[in-house]
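Descriptive structure summary
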Amino acid sequence: MAYNDNSMNRDVILNYAFSTYGTEPEYPWESSPDNAVLRNTMSGKWYAIIMRVKRQILGLDSDGFVDVMNVKCDPILVGSLRMKNGFLPAYHMNKDKWISILLDGSVSKEEIFPLIDESYNLVMPKAKKRSKI
């Protein structure tokens, strides 16, 4: 499938995830072959999901599709991000702990990369407490 300008953001994110964390995207949904999951290899948990979504489903003006990325976030940060252009309540995820980022050029990679890093760290395995014997 050919992409418009959104593909550059998608490609940049996937390249960043691979070069920073060694993460290869997974494409788990046969019915949505363009939707990619980025999984923390140490915990097995998702830290990002890139999806093609109908603009109208997200409450955006105009027809067609847009790429969005969901990342896990500190709940306090979620509230302030939602007030900024290019950020939406998480699509198909917990809206208190996840945020959707439009990949239409409205959010810079300088804003996106730290959020990917935070999400990756939030899904790291928790250190086990040592038992007191």
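Before any of the text, the structure's been laid out above.
Okay, so let's go over this structure. Since the structure is predicted, the reported quantities are computational estimates derived from the model, not experimental observations.

Quick word on helix 3 (residues 109-122)
Quick reminder: α-helices carry 3.6 residues per turn. Residues three or four places apart thus point the same way. Taking 1.5 Å of rise per residue, 14 residues should cover 20 Å, and helix 3 covers 20 Å from first to last C-alpha, within 8% of that figure. Among all positions in helix 3, only Ile112, Phe113, Leu115, Ile116, Ser119 and Tyr120 are buried. The arc that holds the buried residues of helix 3, viewed along the axis, is 165°, so those residues lie on one side.

Describing the packing of aromatic side chains
Under the defined criterion, the tally for this structure stands at five aromatic pairs. A centroid spacing of 3.9 Å and a plane angle of 10° characterise the contact between Tyr16 and Phe113, whose relative ring orientation is stacked. Of this pair, Tyr16 sits in helix 1 (residues 6-21) while Phe113 sits in helix 3, placing them 97 residues apart in sequence. Residue Tyr16 shares its accessibility class with Phe113, and that shared class is buried. Ring centres of Trp29 and Trp46 lie 5.7 Å apart, and the angle between their planes is 90°; on these two criteria the pair is classed as edge-to-face. Residue Trp29 is located in the loop between helix 1 and strand 1 (36-39), and its partner Trp46 is located in strand 2 (residues 46-54); the two are separated by 17 residues in the primary sequence. The rings of Tyr21, Tyr47 and Tyr120 are connected pair by pair, giving a single aromatic cluster.

Overview of the sheet that holds strand 4 (residues 87-89)
Across the sheet, five strands lie side by side as 1-2-3-5-4; this open sheet has antiparallel pairing. Both edges of this open sheet fall to strand 1 and strand 4, since each of them pairs with a single strand only. The sheet shows a mean angle of 25° between the axes of neighbouring strands, taken without regard to direction. Pairing geometry for strand 1 and strand 2, over four bridges, is antiparallel.

Considering the nonpolar core
Judged by nonpolar contacts, the single largest core of 25 residues is most densely connected at Ile13, Tyr47, Met69, Val71, Ile101, Ile112 and Ile116. Secondary structure elements with two or more residues in this core: helix 1, strand 2, strand 3 (65-72), helix 2 (75-81), strand 5 (98-102) and helix 3. In this view, Ile13 contacts Leu38, Ile50, Met69, Leu103, Ile112 and Ile116; residues no more than four positions away in its chain are not counted. With eleven residues, the next largest nonpolar core counts Val37, Ile49, Met51 and Val68 among its residues.

Notes on the pattern of salt bridges
Inspection of the entire model under this criterion finds four salt bridges. A salt bridge links Arg10 to Asp67; its shortest N-O distance comes to 3.2 Å. Separated by 57 residues along the polypeptide, Arg10 in helix 1 and Asp67 in strand 3 bring together distant segments of the chain. Like Arg10, the residue Asp67 is buried in the burial classification. As a salt-bridge pair, Glu111 and Lys84 come within 2.7 Å of each other at their nearest N and O atoms. Within this pair, whereas Glu111 is found in helix 3, its partner Lys84 is found in the loop between helix 2 and strand 4, the two being separated by 27 residues in sequence. Here Glu111 falls in the partly exposed class, since its relative accessible area comes to 28%. By relative accessible area, Lys84 is classed as partly exposed at 39%. If you follow the salt bridges from partner to partner, you end up with Arg10, Arg52 and Asp67 in one network.

Here is what the cut-offs are and how they apply
- Residues numbered from 1 in each chain as written.
- Predicted model: local features only at pLDDT ≥ 70, side-chain atom pairs only at ≥ 80, totals over all residues.
- Heavy atoms only, no water.
- Helix = DSSP H or I, 4+ residues; strand = E, 2+ residues; numbered from the N terminus.
- Expected span 1.5 Å × (residues − 1).
- Buried < 20%, exposed > 50% of the residue type's maximum accessible area, 1.4 Å probe, protein only.
- Arc of directions from axis to C-beta.
- Phe/Tyr/Trp six-rings, centres within 6.5 Å; stacked < 30°, edge-to-face > 60°.
- Pairing = 2+ DSSP bridges.
- Axes fitted to C-alpha atoms, helices over the stretch in contact; angles between N-to-C directions.
- Core = buried A, V, L, I, M, F, W, Y, C linked by side-chain atoms within 4.5 Å.
- Contact = heavy atoms within 4.5 Å.
- Salt bridge = Lys/Arg side-chain N within 4 Å of Asp/Glu carboxyl O.

Remember that the coordinates give geometry; whether it matters functionally is a separate question.
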